[in-house]
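Examining the three-dimensional arrangement
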Amino acid sequence: MRKFNVAVVGATGAVGEELFRVLEAYDFPINNLVPLASARSAGSKVEYRGKEITVLELTETCFEENEVEIAFFSAGGSISEQFAKYAVEAGAVVIDNTSHFRMDPKVPLVVPEVNPDDIALWKETGIIANPNCSTIQMVLSLKPLDELYGIKRVDVSTYQAVSGAGKAGMEELVRQMQDMLTFKLDESKIEAFAHRIVNNVIPQIDVAQSNGFTKEEMKMVNETQKILHKEIQVAATCVRVPVLRSHSESITVTFEDNVEVDVAAVTEALEKFENVEVIDDLENNAYPMPIISTDTDTTFVGRIRRDVYAPNVVHFFNVADQVRVGAATNSVRIALKWIEMENDI
């Protein structure tokens, strides 16, 4: 297989560091790896395949100078807005893990297991957008169910890990846990979140919108519709919980009115879908949990049950490592599918 010159923008961040691990795990065809970050982080080292590689400064010319062919961006929307165009001008395909391009009608928003054909639209802008982490794991379970019965509405409550707020979020939870154990919690700093996160849940992620939802919640609404190419009604409540890694979601799906849900059929559809695994044995305490999904590339589904009152409604629980499935792994899977499609042309 042909090998590529690959850049990782945001190389020293949480997702950037995970990207290196995922690229190695998937044996990505790399000719030259180019870690990129701000001037402050330039000169530091990242590890890939047991070797240390020097981080270079992100500049307008670095993509052309290093002949970059695939550029992963995970350094924040403002960085993607400023620098993605230079990667494209240098001839690279940009796989962007920020929210900046997601709802641009010219930019495909892709979960490869769900809408791989949309990758072919990359040529219009040179960019492929990676969806929000919560959206990715949800649509991985919605797609097979929509094919089975036809989804009309989705109601979802999320239980999102602090790593969704990056290294600062994880460090804040750990620091507050330490302060709690040493009876110094009243002195503990609150910086990454609006409130103390240890021993608490915060029913707000991102900024408030005029309709009463948050920006994070509206991402799940709009991105789900764009990925599935369907005007599914979606209502989300996004909550931050004191878990280091892996997001959980309680999902209620309403199918078309004439549907009578067969739990066995729902379970089979999910089990057969790529990169989804069912763990569902309530009597024996077996169901998806963050400690199961963390450091894996699988979306786990369980607690599958038909609604007590409405035969066309099903409830289930969904868990995935949002740093991997919801960010780094999905980005790498997009790139691998892009390579496969380009080779077929």
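This text gives an overview of the structure that appears in the document. All values derive from a computational prediction rather than experimental measurement. (Residues numbered from 1 in each chain as written. Predicted model: local features only at pLDDT ≥ 70, side-chain atom pairs only at ≥ 80, totals over all residues. Heavy atoms only, no water.)

**Let's talk about the overall build of the protein chain**
What the protein chain contains, in helices and strands, is nine helices and 14 strands. Over its C-alpha trace the protein chain gives a radius of gyration of 20 Å, about what one expects of a compact globule, namely 20 Å for 345 residues. Expressed as lengths along the three principal axes of its C-alpha atoms, the size of the protein chain is roughly 65 × 60 × 40 Å. In the protein chain, buried positions account for 53% of the 345 residues. Contacts spanning at least 24 positions in sequence make up 67% of the contacts within the protein chain whose residues lie at least 6 apart. (Helix = DSSP H or I, 4+ residues; strand = E, 2+ residues; numbered from the N terminus. Rg over C-alpha atoms; globule rule 2.2 N^0.38 Å. Buried < 20%, exposed > 50% of the residue type's maximum accessible area, 1.4 Å probe, protein only. Contact = heavy atoms within 4.5 Å.)

**Digging into helix H7 (residues 263–272)**
Burial in H7 covers these residues: Val266, Thr267, Ala269 and Leu270. Looking straight down H7, one finds that the buried residues subtend no more than 160° of arc, so they occupy a single side. Facing away from the buried side of H7 by over 90 degrees, the exposed positions are Ala264 and Lys272. Looking at the buried side of H7, the elements it contacts are helix H4 (133–148), strand E12 (276–278) and strand E13 (299–306). In this structure Asp262 caps H7, since a side-chain oxygen of it lies 2.9 Å from the backbone nitrogen of Ala264. (Arc of directions from axis to C-beta. Polar contact = N/O pair within 3.5 Å; in protein donor to acceptor, adjacent residues only side chain to side chain.)

**Section: the pairing of strand E6 (residues 70–73)**
The alternating pattern of E6 places Ile70 and Phe72 on one face and Ala71 and Phe73 on the opposite face, and all of these are buried. Bridge count between strand E1 (residues 4–9) and E6: four bridges; the pairing is parallel. Within E6, the position partnered with Val9 by the bridge is Phe73. In this region the chain leaves E6, passes through helix H3 (residues 77–89) and returns to the parallel neighbour strand E7 (residues 93–96); the handedness of that crossover is right-handed. (Pairing = 2+ DSSP bridges. Right-handed = clockwise from strand over helix to strand, strands pointing away.)

**Thoughts on the packing of helix H1 (residues 14–25) against helix H9 (residues 324–344)**
For the pair H1 and H9, interaxial distance at closest approach is 9 Å and the crossing angle is 50°. With respect to their mutual orientation, H1 and H9 come out oblique. For the pair H1 and H9, the sense of crossing is right-handed. Listed contacts from H9 to Val15, Glu18, Leu19, Val22 and Leu23 of H1 are Arg324, Ala327, Ala328, Thr329, Ser331 and Val332. Partitioning the contact of H1 with H9 into residue classes produces seven nonpolar, two polar and two charged. (Axes fitted to C-alpha atoms, helices over the stretch in contact; angles between N-to-C directions. Parallel < 35°, antiparallel > 145°, perpendicular 65-115°, else oblique. Left-handed = near helix turned anticlockwise from the far one by under 90°. Nonpolar A, V, L, I, M, F, W, Y, C, P; charged D, E, K, R; others polar.)

**Thoughts on the layout of surface pockets**
Taken as a whole, the largest pocket holds about 1200 Å³ of empty space. Gly76, Ser163, Gly164, Ala165 and Gly166 are, among the 49 residues lining the largest pocket, the residues nearest its centre. Counting only elements with at least two residues in the lining of the largest pocket, the list comes to H1, strand E2 (30–37), H3, helix H5 (166–181), helix H6 (215–228) and H9. Ranked by residue count, the leading element in the lining of the largest pocket is H6, at three residues. When the residues that make up the lining of the largest pocket are grouped by side-chain class, the tally is 19 nonpolar, 21 polar and nine charged. (1 Å grid on protein atoms, 1.4 Å probe; cavity = no way out; pocket = protein on both sides within 12 Å on 5 of 7 lines; lining within 4 Å. Points joined across faces, edges and corners; volume = space filled by probe spheres on them.)

**Overview of the packing of H4 against H9**
Two packed helices can be described by the angle between their axes and the distance between those axes. Between H4 and H9, the least distance of the axes is 8 Å, while the angle of their chain directions is 85°. It follows that H4 is roughly perpendicular to H9 by the angle criterion. Two secondary-structure elements touch here, H4 through Cys133, Ile136 and Leu140 and H9 through Val325, Gly326 and Asn330.

**Concerning the sheet that holds strand E9 (residues 151–160)**
In spatial order, the strands read E10-E9-E11-E14-E13-E12; together these six strands make up an open sheet with mixed pairing. At either end of the open sheet lies a strand with only one pairing partner, and these are strand E10 (233–240) and E12. Between one strand and the next, the sheet's axes are offset by a mean angle of 20°, whatever the strand orientation. Sheet topology note: the E9/E10 ladder contains eight bridges and is parallel. The partner of Gln160 across the bridge, within E10, is Arg240.

**A short note on the packing of aromatic side chains**
This model, assessed by the stated rule, comprises seven aromatic pairs. Between Trp122 and Trp338, the ring centres sit 5.5 Å apart and the planes meet at 80°, which makes this aromatic pair edge-to-face. Of the two residues, Trp122 is situated in the loop between E7 and strand E8 (127–129) and Trp338 in helix H9; the sequence distance between them amounts to 216 residues. Among the aromatic residues, those joined into a cluster by ring pairs are Phe4, Trp122 and Trp338. (Phe/Tyr/Trp six-rings, centres within 6.5 Å; stacked < 30°, edge-to-face > 60°.)

**Quick word on the environment of Lys230**
Within the fold, Lys230 resides in the loop between H6 and E10. A residue is classified by how much of its surface remains accessible, and Lys230, at 26% relative accessible area, is partly exposed. Each C-alpha atom of the pair Lys230 and Asp257 lies 17 Å from the other, and the pair is 27 residues apart in sequence. For Lys230, the residues in contact, after removing those within four places along its chain, are Asp146, Gly150, Ile151 and Gln225.

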